[in-house]
Amino acid sequence: MEILIQITQLILCLSFLVILHELGHFLPAKYFKTRIEKFYLFFNPWFSLVKKKIGETEYGIGWLPMGGYVKIAGMIDESMDKEQLKQEPQPWEYRSKPAWQRLIIIMGGVIVNFFLAWIIYICLFLNHGDNFIDNSKITHGVAVDSVGKILGLRNGDKILKVDGKTQTKFDQLPLEILFGDNITVEREGKEVTFDLTDEGKRDVIKRAGKNFLAAREEIIIDSIVPGRPADLAGLKKGDKIIGLDGIHLEYFDEFASVIQLHRNDSIDLKVIRNNETITIKALTTEDSKLGFLNQFHTLQDAYVTKELSFLEAIPAGFNKTISTLTGQIKQFKIIFNTKTEAYKQVSGPLRMFKIFKPEWDWTFFWSFTAMFSVWLAFLNILPIPGLDGGHAVFILIEMITRKKPTEKTLEVAQTIGVVILLTLMALVFGNDIWHLVTG
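This write-up is about the structure you can find in this document. Note that the structure is a prediction, hence the values are computed from the model and not measured. (Residues numbered from 1 in each chain as written. Predicted model: local features only at pLDDT ≥ 70, side-chain atom pairs only at ≥ 80, totals over all residues. Heavy atoms only, no water.)

This brings us to the overall build of the chain. Within the chain, the secondary structure is distributed over 14 helices and 18 strands. Burial analysis of the chain (439 residues in total) assigns 44% to the buried set. Nonlocal contacts in the chain, meaning residues at least 24 apart in sequence, comprise 66% of its contacts between residues at least 6 apart. When the accessible surface of the chain is split by element, carbon and sulfur atoms take 61% of a total near 23600 Å². (Helix = DSSP H or I, 4+ residues; strand = E, 2+ residues; numbered from the N terminus. Buried < 20%, exposed > 50% of the residue type's maximum accessible area, 1.4 Å probe, protein only. Contact = heavy atoms within 4.5 Å. Areas by Shrake-Rupley, 256 points an atom, 1.4 Å probe, with all protein chains shown as cover.)

Rendered as structure tokens:
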């Protein structure tokens, strides 16, 4: 049932975005009296799931959820319909329209995706405010695991800047670090700047960015598992551990490191309880555990909710859209850096459903939809023949040179674009199948 909910969310998200993107082409084409032969949600090689002709346009749903398309009469597109182009241009065809009209038609989808993301972010800010963890309130610095250390970070570092930009939101740091080239931290009272290694980024990507960076916390017990060593030893909620076998401890990452040396071992814990320091004997398990959860006071105290008015939400939504677009550009750079091996983690529709939560969470759904709308805008604006950006490049060249490219040139460019896109699709589906088979 959980998988079904995730798949349903993915299909709903893709359907919503694809339909609106294609409407971005459809509506201006109709406005400029250009004939639309097909309007499809998803691709339909060989057959369609559903199709119905209304007027001059066939509307349908394909079986391949990799996008959608509007087939515009007189346009060289992925259908490679050359028969129509052998005829004399008709006034209702795309190729008969002025360059500026063709540019608006071809860029309509990208424009819709951008403004859609902006509108969604405005609505999210109005309904939920601007929620983030204030990096300036992470008073004890960060705790990092082995992957964080490969990146060059150390426990206790206070992260100040990434690529020279001051970092105000702690929860955005993992992505900023992944996409950044260098980082500035406060370490032992001094500012230190160092490059972020591709090897470290590779390991972050392999682990989907999980847990390599956390706020450093004191060792204060939040809850205890019944019947486990902490419970049997008499530890209580609110106890603050400050020592283990004579070793002074301040932070949980130090505790986790020291206790790893004690398996099935008797230990003495120095604990502050009700402003008194006591010693408690405990026995660790085979995997060096005591069986308690630590409190996260630092994160709780640093969490900020900033309410925004409608006039404040408009620029905030725009800035969020731009920052998301910037992140997508940086992500593209990471994917094509072979040292990070990010290309191996590219997901397609066979695995993308796992991004969604196994229960309906509309806030997450709309946040992801806005982000993915920006991603679609970015992908489509790339100057690759076959994509909107590729078509736009030829139109801009025509507008500058006052000379229209030959149909043969457009056909060759479209063929190259189709080959590139099919290769990328093979990579995406290959990755999906490999990960599903290997688990």
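What follows picks up the thread again.
As for its placement among the helices and strands, N135 is situated in the loop between β5 (130-133) and β6 (142-144). A distance of 2.8 Å separates a polar side-chain atom of N135 from the backbone oxygen of I159. In contact with N135, not counting residues within four places along its chain, are I159, Q167, T168, K169, F170 and L173. (Polar contact = N/O pair within 3.5 Å; in protein donor to acceptor, adjacent residues only side chain to side chain.)

The next point concerns the sheet that holds strand β7 (residues 158-162). Across the sheet, four strands lie side by side as β8-β7-β9-β10; this open sheet has antiparallel pairing. A strand with exactly one partner marks an edge of an open sheet, and here the two such strands are β8 (165-166) and β10 (190-195). Across two bridges, the pairing between β7 and β8 is antiparallel. Of the residues in β8, the one forming a bridge with V162 is K165. (Pairing = 2+ DSSP bridges.)

All right, on to the packing of helix α3 (residues 99-128) against helix α13 (residues 388-401) then. Close contact between α3 and α13 brings their axes to 9 Å; oriented N to C, the two are set at 160°. Between α3 and α13, the angle falls in the class roughly antiparallel. α3 and α13 meet at a crossing whose hand is left-handed. Counted together, A99, W100, R102, L103, I106, M107 and V110 of α3 and D388, H391, A392, I395, L396, E398 and M399 of α13 form the full contact between these two elements. Classifying every residue of the contact of α3 with α13 by side-chain character gives 10 nonpolar, one polar and three charged. (Axes fitted to C-alpha atoms, helices over the stretch in contact; angles between N-to-C directions. Parallel < 35°, antiparallel > 145°, perpendicular 65-115°, else oblique. Left-handed = near helix turned anticlockwise from the far one by under 90°. Nonpolar A, V, L, I, M, F, W, Y, C, P; charged D, E, K, R; others polar.)

This next bit is on helix α1 (residues 2-31). Here α1 is 30 residues long and its end C-alpha atoms lie 43 Å apart, about the 44 Å a rise of 1.5 Å per residue gives. At L23, α1 is deflected by roughly 25°, the largest bend along its length. Looking one or two residues past α1, K33 carries a phi angle of roughly 60°, positive in sign. (Expected span 1.5 Å × (residues − 1). Bend = angle between axes of the 7 residues up to and from the residue.)

Time to look at the sheet that holds strand β16 (residues 276-283). Reading across the sheet, the four strands line up as β14-β13-β15-β16 and stay open at both edges, with antiparallel pairing between neighbours. Looking at the sheet topology across the chains shown, the edges are occupied by β14 (247-248) and β16. Bridge count for strand β15 (residues 266-273) against β16 is eight bridges, and the pairing is antiparallel. By the bridge assignment for β16, L269 is matched with I280. Set on the sheet, helix α8 (residues 252-259) makes contact with β13 (240-244), β14 and β15; between it and β13 the angle comes to about 40°.

Glancing now at the nonpolar core. If you look at the biggest cluster of nonpolar residues, it comprises 25 residues, and the most contacted ones within it are L153, I159, F170, I177, I183, F212 and L213. Looking at this core, the elements that each hand over two or more residues are β6, α4 (146-151), β7, α5 (173-179), β9 (182-187), α6 (198-206) and β11 (213-215). For this core, the element with the most residues is α5, which contributes four residues. With residues up to four places along the chain from it excluded, the contact list for L153 reads V144, G148, I159, I177, I183, V185, R187, F194 and L213. V18, Y121, F378 and L387 belong to the second largest nonpolar core, which has 24 residues in total. (Core = buried A, V, L, I, M, F, W, Y, C linked by side-chain atoms within 4.5 Å.)

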